[in-house]
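In case you want the letters, here they are:
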Amino acid sequence: MKKKLKELAQLINAEIKGDENCEITGIGTLENAKLGDISFLTNIKYKNHLIHTKASAVILEKQAVEFCPTHALIVQNPHLAYAKIAENFIQHPKVTPGIHATAIIGKNCHIDPSVTIGAYVVIGDDVIIGAHTQIDTGCIIGNHCQMGQECHLWAHVTLYYDVKIQDRVIIHSGTVIGGEGLGFANDQGIWYKVPQIGSVLIESDVEIGANNVIDRGAVEDTLIERGVKMGNANVIGHNDHIGAHTIMVGQVGIAGSTKIGKHCMIGGGAGFAGHIEIADGCIFTAKANVPNSIKEKGMYSAGVGIMPTQIWRKNVARFRHLDELAKRVKKLEEKS
Amino acid sequence: MKKKLKELAQLINAEIKGDENCEITGIGTLENAKLGDISFLTNIKYKNHLIHTKASAVILEKQAVEFCPTHALIVQNPHLAYAKIAENFIQHPKVTPGIHATAIIGKNCHIDPSVTIGAYVVIGDDVIIGAHTQIDTGCIIGNHCQMGQECHLWAHVTLYYDVKIQDRVIIHSGTVIGGEGLGFANDQGIWYKVPQIGSVLIESDVEIGANNVIDRGAVEDTLIERGVKMGNANVIGHNDHIGAHTIMVGQVGIAGSTKIGKHCMIGGGAGFAGHIEIADGCIFTAKANVPNSIKEKGMYSAGVGIMPTQIWRKNVARFRHLDELAKRVKKLEEKS
Amino acid sequence: MKKKLKELAQLINAEIKGDENCEITGIGTLENAKLGDISFLTNIKYKNHLIHTKASAVILEKQAVEFCPTHALIVQNPHLAYAKIAENFIQHPKVTPGIHATAIIGKNCHIDPSVTIGAYVVIGDDVIIGAHTQIDTGCIIGNHCQMGQECHLWAHVTLYYDVKIQDRVIIHSGTVIGGEGLGFANDQGIWYKVPQIGSVLIESDVEIGANNVIDRGAVEDTLIERGVKMGNANVIGHNDHIGAHTIMVGQVGIAGSTKIGKHCMIGGGAGFAGHIEIADGCIFTAKANVPNSIKEKGMYSAGVGIMPTQIWRKNVARFRHLDELAKRVKKLEEKS
């Protein structure tokens, strides 16, 4: 694979600084790129790597161009531009449509002939799978599931029954969708199971990482709206509703019946109580713990940051009496 | 499925307010129920939904009846009553006992003829499985495991060797039981593996969600007592002992050799140090971090709540010097 | 299995206190050991269990010997010594090399004849597997993966394509390695997938617990250096670099492009931001949230500890105004 810089510039609508005939043969990070590689800078705060790069060309923003020691492709969104160029340099393995001889398909399924189904996949009854969808080795799909076009389930994905997935949805290994969430009623200290009669609806263009869990709804469906992106090991409770184009990094937990707005960004390990509502466009930093509804768009944080344990111990000891301390200050103010 | 309100009232021992002959044909949430649906209100703080419901009948507590625009079934525990009624409206798929042709069963197993074993299940040697237990597609059960009656392993559950499970235990997909926990001894900076010779005992009526991990004991067994309910993605360390009827929401982590009391309620993402002991009946709010034993029943919390990042940054900066601040207040008090 | 105390002493180079001919037939914890058992004490703070033990012998440090009611093996590192002795008392199940009839192996693989491959394992094309490696039931290994000698993949492990694993690596069930991490570029509110063209390299002597996720690199490989030990349900982001002999307890999350030093110890549920660097030898207590690089070896903590919710609520309310409180103290100081 060999491309001239001007060909790549055309792909991403970039302004060229330097030699438009420079030949690009691969991709590298700023730190480790070698002659012939193209690299990218997404954030000017890493400009130190740019200054010392050995890449033949770099995709960057206008403001970074003065620090670039080599040819450059200038764009507004270098990360996006890089994604489009990288897509050109990778070779996706060829997939041959068809159902592997060891796959087991239930009764009354409608599976498009362009679908690819891997070894040891087990599909229940009354399942519908749309064109060009790919289901990898060892996936298990329950009765009455529906999947749209061009979806990709990586190996070892589990769908319980009645799960509905629209188009171009990608789900990574180990993810479990449609399990019966924590539905229990307490009867004098004993937990009694509450039937979970809803299911899960995943809209188009969602990508879900590895080892996530999305529970089925207690009565109505749990809903993941279009364009949502989830990292790894998130847990979505029953009846949750995740708004379109929201992204969550990983290990996020959302208790049941909570509604997250559209275009939110949720940091790793953040947690949300049940039965709350989060406005569109909220940003939560890592490990934010959200017990209440949030009505205004904004950036929210929790925790006290990291510090040496020795100092931390003393501060935490004071925190235990912070209310008292505040009262003592009040008293001093009254006296003074 | 069609039932008169008085028939449902009988099932749950409810007092009827309104038309006892009202016909119920389905279940809905207060917000989205339609004519013919029965709904329920578990907490009077959501009474706004009750006021506007279009349900034909609602299960509720006595104190909520004045806000109910339609027929009502009055009970002490609406969530529990709802569970019993919902059970009547769902149709569990018929399960035909038998061992799927692709299942592989080891030597010397005792599997009751009423057991159902799905496709591509692999069971080791010397395994015992009790009556009416159901093992779904792709489960893997190691040598010497024992399972009681009426258990249900959903697809893709993994049991290591020697795991013992009593009756009516439900385990959801992706859960791994009996792995070798973090057993390492440090020898001059290098970690040396410590054999984990205990196993796991799960008592009757336990339900374990998806993608949980329960490690085998280092010497004795890890123990999950009867009636425990676990949500998704919890991690239970080696030698832990979870007391009867305790519930944990999800993403809870319990380090090794810790003993949690009976009837505890553990919020999402809470964490417990190893080698500690927690009293019966403790409640921990979400993300509580518990480094020490807790001897008294009560409700416990940690963290500083959520706030706008801008304000949070300033407070956190002050927290770093909280010990110093407290000393300054002390000095002022001495002066005044 | 029966051994004289002096035989065991020899194995671990211990000084014997008591009867060197005492016969040991099993292993027990201090609390539950019975006649014939050997036990161990790793930390003098648990000496209460030692005083009342019924074990026939105990492995311990010199300073604990005065509290020991029975024969003792005195060593510097009792946990390590116990590990070596326990290894002698367990019987590993015999493994017969060979490929199970139901395993599916791709084209052009190089699999050493001493390798053991279990039922329903699926291996892609161009895979290399070294001598004495064991791959258990239901593992799925993608194209172009390489595995060294004496590795052990427990049941239900998933390797994506191109993953490289060196020697003596142990990976537990449900772990997913090589998934495509959270690589998305934002284009006017819509997330656009960035190809992940790196892979994962796991060096020798690494052990990875159950249900972990290690993402493939965006450009270069994600790297787990030799001797790293990971508990359960950790999530390692793309391009992360975990230094040799670091241990992480479980549920740790590390965002992308972060470099953790060698010989670090990371408590359960700790989280690390992306693009940061942690010095060698750092210790993080449970749930530490690390947003910035840490340049000095040391012990670090976050959070405010656990307390009764009633007291906590008052303190948290004050924390929200901590900056203001500090300013009020300053004012008082100026006045006084």
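In this text the structure is predicted, and so the values were computed from the model without any measurement.

1. Considerations on the relation of the copies chain B and chain A
If you rotate chain B by 120° and push it 0.0 Å along the axis, it lands on chain A with an RMSD of 0.0 Å. Classification of the inter-copy transformation places it as that of a three-fold axis. Measuring from the rotation axis to each C-alpha of chain B, the shortest distance belongs to B:Gly303, at 3.4 Å.

2. Some thoughts on helix 4 (residues 309–319) of chain A
Residue and element names in this part refer to chain A. Along helix 4, the positions that sit buried rather than exposed are Thr309, Trp312, Asn315, Val316 and Phe319. Each buried residue of helix 4 lies within a common arc of 120° when the element is viewed along its axis, so the set occupies one face. Of the exposed residues in helix 4, the ones pointing more than 90 degrees away from its buried face are Gln310 and Arg313.

3. Observations concerning helix 3 (residues 78–89) of chain A
Taking 1.5 Å per residue, 12 residues should reach 16 Å; helix 3 of chain A reaches 16 Å between its end C-alpha atoms and fits that length. Within helix 3 of chain A, burial applies to A:Pro78, A:Leu80, A:Ala81, A:Tyr82, A:Ala83, A:Ile85, A:Ala86 and A:Phe89.

4. Here's the deal with the interface of chain B and chain A
The partner chain A presents 72 residues to the 69 residues of chain B that form the contact. Carbon and sulfur atoms make up 66% of the surface buried where chain B meets chain A, a total of about 5700 Å² over both sides. Looking at the side of chain B facing chain A, the largest losses of area belong to B:Tyr120, B:Ile306 and B:Phe319, adding up to 12% of the total buried there. Where chain B touches chain A, the interface holds three salt bridges. Where B:Asp323 meets A:Arg318, a salt bridge forms, and the shortest distance between an N and an O atom there is 2.7 Å. The tally of links from chain B across to chain A stands at 34 residue pairs in polar contact (both at pLDDT 80 or more). Going through the elements one at a time, helix 3 (78–89), strand 28 (229–232), strand 31 (247–250), strand 40 (307–308), helix 4 (309–319) and helix 5 (322–335) of chain B are the ones with two or more residues in the side of chain B that touches chain A. Per-element accounting of the side of chain B that touches chain A gives the leading share, nine residues, to helix 5 of chain B. Grouping the amino acids of the side of chain B that touches chain A by side-chain chemistry returns 33 nonpolar, 25 polar and 11 charged. Taken together, the two bridges between strand 39 (residues 299–301) of chain A and strand 40 of chain B define a ladder with antiparallel strand orientation. Note on strand 40 of chain B: the bridge partner recorded for A:Tyr300 is B:Pro308.

5. What to know about the sheet that holds strand 5 (residues 37–40) of chain B
All names here are of chain B. In space, the five strands of this open sheet follow the order 2-7-6-5-4, with mixed pairing throughout. The two strands at the open ends of the sheet, each matched to only one other strand, are strand 2 (15–17) and strand 4 (26–27). Two strands pair when backbone bridges link them, and strand 2 and strand 7 (residues 71–74) are joined in this way by three bridges, in the antiparallel orientation. Each bridged residue has a counterpart across the sheet, and for Glu15 the counterpart in strand 7 is Ile74. Its contacts with the sheet put helix 1 (residues 5–12) on strand 2, strand 5, strand 6 (57–60) and strand 7, and the angle it makes with strand 7 is roughly 15°. Helix 3 contacts strand 4, strand 5, strand 6 and strand 7 of the sheet and is inclined by roughly 135° relative to strand 6.

6. Considerations on the interface of chain C and chain A
With 72 residues of chain C in contact, the opposing surface of chain A contributes 68 residues. Taken together, both faces of the contact between chain C and chain A bury some 5700 Å²; the carbon and sulfur share is 66%. Considering only the side of chain C, the residues that lose the most area to chain A are C:Leu182, C:Trp191 and C:Arg318, jointly responsible for 11% of the buried surface there. At the boundary of chain C with chain A, the tally comes to three salt bridges. Where C:Arg328 meets A:Glu333, a salt bridge forms, and the shortest distance between an N and an O atom there is 2.7 Å. Remark: the boundary between chain C and chain A carries 34 residue pairs in polar contact (both at pLDDT 80 or more). A class-by-class count of the residues in the side of chain C that touches chain A yields 41 nonpolar, 21 polar and 10 charged.

7. Structural notes on the sheet that holds strand 34 (residues 265–266) of chain B
Pairing is mixed across the open sheet formed by 12 strands, whose spatial order is 8(B)-11(B)-14(B)-17(B)-20(B)-25(B)-28(B)-31(B)-34(B)-37(B)-39(B)-39(C). The open sheet is flanked by strand 8 (98–99) of chain B together with strand 39 (307–308) of chain C, the only strands paired with a single partner. The pairing of strand 17 (residues 152–153) of chain B with strand 20 (residues 170–171) of chain B spans two bridges and is classified as parallel. Across the sheet, residue B:His152 finds its bridge partner in strand 20 of chain B, namely B:Ile170.

Conventions we followed
For every chain, the first residue of the written sequence is number 1, and numbering continues from 1 onward in sequence order. As they are written, the chains are lettered A onward and the ligands numbered 1 onward, keeping that order. Where totals are concerned, whole chains, interfaces and linings use all residues; where local detail is concerned, this predicted model gives features only for residues with pLDDT of at least 70, and gives and counts side-chain atom pairs only at 80 or more. The side-chain figures draw on all heavy atoms in the structure; neither hydrogens nor water molecules are used. Least squares is used to superpose the copies, and the fit set is the C-alpha atoms of residues whose pLDDT is at least 70 in both copies. For each residue, the accessible area found with a 1.4 Å probe, counting protein chains only, is set against the maximum for its type, and the residue is called buried under 20%, exposed over 50%, and partly exposed in between. Numbering of helices and strands runs from the N terminus; a helix is a DSSP stretch of H or I covering at least four residues, while a strand is a stretch of E covering at least two. As used here, the arc is the angular range of directions from the helix axis to the C-beta atoms. To estimate how far a helix should extend, the number of its residues minus one is multiplied by 1.5 Å. Between two residues, a contact is recorded if the distance between any of their heavy atoms is within 4.5 Å. Once two parts are joined, some of their accessible surface, as seen by a 1.4 Å probe, is lost; buried area is that loss totalled over both. Salt bridge, as applied in this entry: a Lys or Arg side-chain nitrogen positioned within 4 Å of an Asp or Glu carboxyl oxygen. We call two N or O atoms a polar contact when they sit within 3.5 Å, provided that within protein one can donate a hydrogen and the other can accept it, with sequence-adjacent residues counted only if both atoms are side-chain atoms. Residue classes follow a fixed rule: Ala, Val, Leu, Ile, Met, Phe, Trp, Tyr, Cys and Pro count as nonpolar, while Asp, Glu, Lys and Arg count as charged, and any other residue, Gly among them, counts as polar. Strands are labelled as partners when DSSP assigns at least two bridges between them. Axes here mean lines fitted to C-alpha atoms, for a helix over just the part in contact, with angles spanning 0 to 180 degrees between N-to-C directions.

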